[in-house]
Number of protein chains: 2
Amino acid sequence: MARSAFAEHGYDRATIRLIAGEADVDPALVHHYFGTKEDLFAAAVDIPFNPGEALQAIFAGGVEGAGEWLARLFFTIWEGEASRRAMLGQLRRALTAGAEPSPLAEFVTRAVLPRITPHLGGPDRELRAELAASQLLGLAILRYVVRMEPVASTPVERLIEQVAPRIQSYLAGSVDGRTATGASLA
Amino acid sequence: MARSAFAEHGYDRATIRLIAGEADVDPALVHHYFGTKEDLFAAAVDIPFNPGEALQAIFAGGVEGAGEWLARLFFTIWEGEASRRAMLGQLRRALTAGAEPSPLAEFVTRAVLPRITPHLGGPDRELRAELAASQLLGLAILRYVVRMEPVASTPVERLIEQVAPRIQSYLAGSVDGRTATGASLA
């Protein structure tokens, strides 16, 4: 039910109340079983954990090391068979959607990026968070959609070795050792 | 004619001979007017220059600065209205293709990446070239397909400022100032 509600109404407009109403159940019941709307979305696309909690844990100790943990979170989602299938479906939808934003794009915009940017220092942090996301998006497409070699069959740990430092450099606002002014954490 | 031949047969199998045959003209004529197969592909997707020549020029002076010039080449292609439209079409095709590789994926695999990797030093250079490409792919999708803000409306020069150093770090095999062993040029 939630999956079709997110698909039909988009992430923002698909409130717990609306989803419960369409299933003719009490909103409190949906809340009791699924928690927040983002939990419900994660369940609907078979993401096997709460991305909000995961991101909070990643940034709990500051921005240091966050690049690697984001890369690990990314592969946890994409290397699981059920969640990969669900993500592929959401991705294709996002890429073929017309003018209206797709549930996945809205989820990233409303529930993922706002949990990353507050932890970044320096200028252009929304932009840098999105560019980090664009690197992971491009990687997902080459590895799981286009299946281009050698990216498609390189072991996850070697990909993390390559990608994590570049994600980290977006997050920290550092370029080749230089750190952007103010790129520190409270 | 060439466009449909590439779409139907794929980049590898669509030889100049085959394309000329389908149009019932002499292969020498096609060669005379369009040059190499990659010129023909570039013309078919409205890429307003020869990517082979452009890449040769970019790496003529070595890998230094190549990240920025690749980013500029990327935006030259994507910011032009006709070539953007053509690339969007090729991209959608690549993303929805089934088991057979799309013309764009084959073009990147056969005609673009092999012109980049020989210029890179260090280990994993095929992988690093592809990961640099994956960063540009993800950027193209967020900016031109999903149109996510702020990436979608950030001026090109500010995007180049952010993206070029990360592309460069893939190409040079350097992470935060450290350069991978052997990451130098002949």
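See the structure above.
Residues numbered from 1 in each chain as written. Chains lettered and ligands numbered in written order. Predicted model: local features only at pLDDT ≥ 70, side-chain atom pairs only at ≥ 80, totals over all residues. Heavy atoms only, no water.

## Things to note about the interface of chain A and chain B
So the rule is basically this: The contact definition used throughout considers only heavy atoms, calling two residues in contact when any of these lie within 4.5 Å. By convention, the term buried area covers the 1.4 Å-probe accessible surface removed from two parts as they join, with the contributions of both added. Here a salt bridge means any side-chain nitrogen of Lys or Arg lying within 4 Å of a carboxyl oxygen belonging to Asp or Glu. Here a polar contact is recorded for every N or O atom pair within 3.5 Å, except that within protein the pair must consist of a potential hydrogen donor and a potential acceptor, and residues adjacent in sequence are included only if both atoms are side-chain atoms. A run of H or I in DSSP becomes a helix once it reaches four residues, and a run of E becomes a strand once it reaches two; helices and strands are each numbered from the N terminus. By the convention adopted, Pro, Cys, Tyr, Trp, Phe, Met, Ile, Leu, Val and Ala count as nonpolar, Lys, Arg, Asp and Glu as charged, and the other residues, Gly among them, as polar.
Contacts between the two partners involve 41 residues from chain A, matched on the other side by 41 residues from chain B. Here chain A packs against chain B, burying approximately 3,600 Å² in sum over the two surfaces, 62% of which is carbon and sulfur. For the chain A face of the interface with chain B, the top three residues by lost area are Leu95, Glu130 and Arg166 of chain A, together amounting to 17%. Put simply, chain A and chain B have 2 salt bridges between them. Residue aspartate 124 of chain A is joined to arginine 158 of chain B by a salt bridge in which the shortest nitrogen-to-oxygen separation is 2.3 Å. Between the two partners, chain A and chain B, sit 12 residue pairs in polar contact (both at pLDDT 80 or more). When residues of the side of chain A that touches chain B are traced back to their parent elements, those giving at least two are helix H7 (81-96), helix H8 (103-112), helix H9 (125-145), helix H10 (156-172) and strand S1 (174-175) of chain A. Looking at which element gives the most residues to the side of chain A that touches chain B, the answer is H9 of chain A, with 13 residues. Class assignment for the residues of the side of chain A that touches chain B results in 21 nonpolar, 11 polar and 9 charged.

## A look at the nonpolar core
As a reminder of what qualifies: Side-chain atoms within 4.5 Å link the members of a nonpolar core, which is a set of buried Ala, Val, Leu, Ile, Met, Phe, Trp, Tyr and Cys residues. Residue exposure (1.4 Å probe, protein chains only): buried if accessible area is under 20% of the type maximum, exposed if over 50%, otherwise partly exposed.
Core analysis: the biggest nonpolar cluster contains 124 residues, and Leu171 of chain A together with Leu171 of chain B have the highest contact counts within it. Setting aside residues no more than four positions away along its own chain, leucine 171 of chain B makes contact with Phe59, Val63, Ala66, Gly67, Leu70, Ile116, Leu120, Arg128 and Ala132 of chain B.

Without other data, these values stay purely geometric and don't point to any function.
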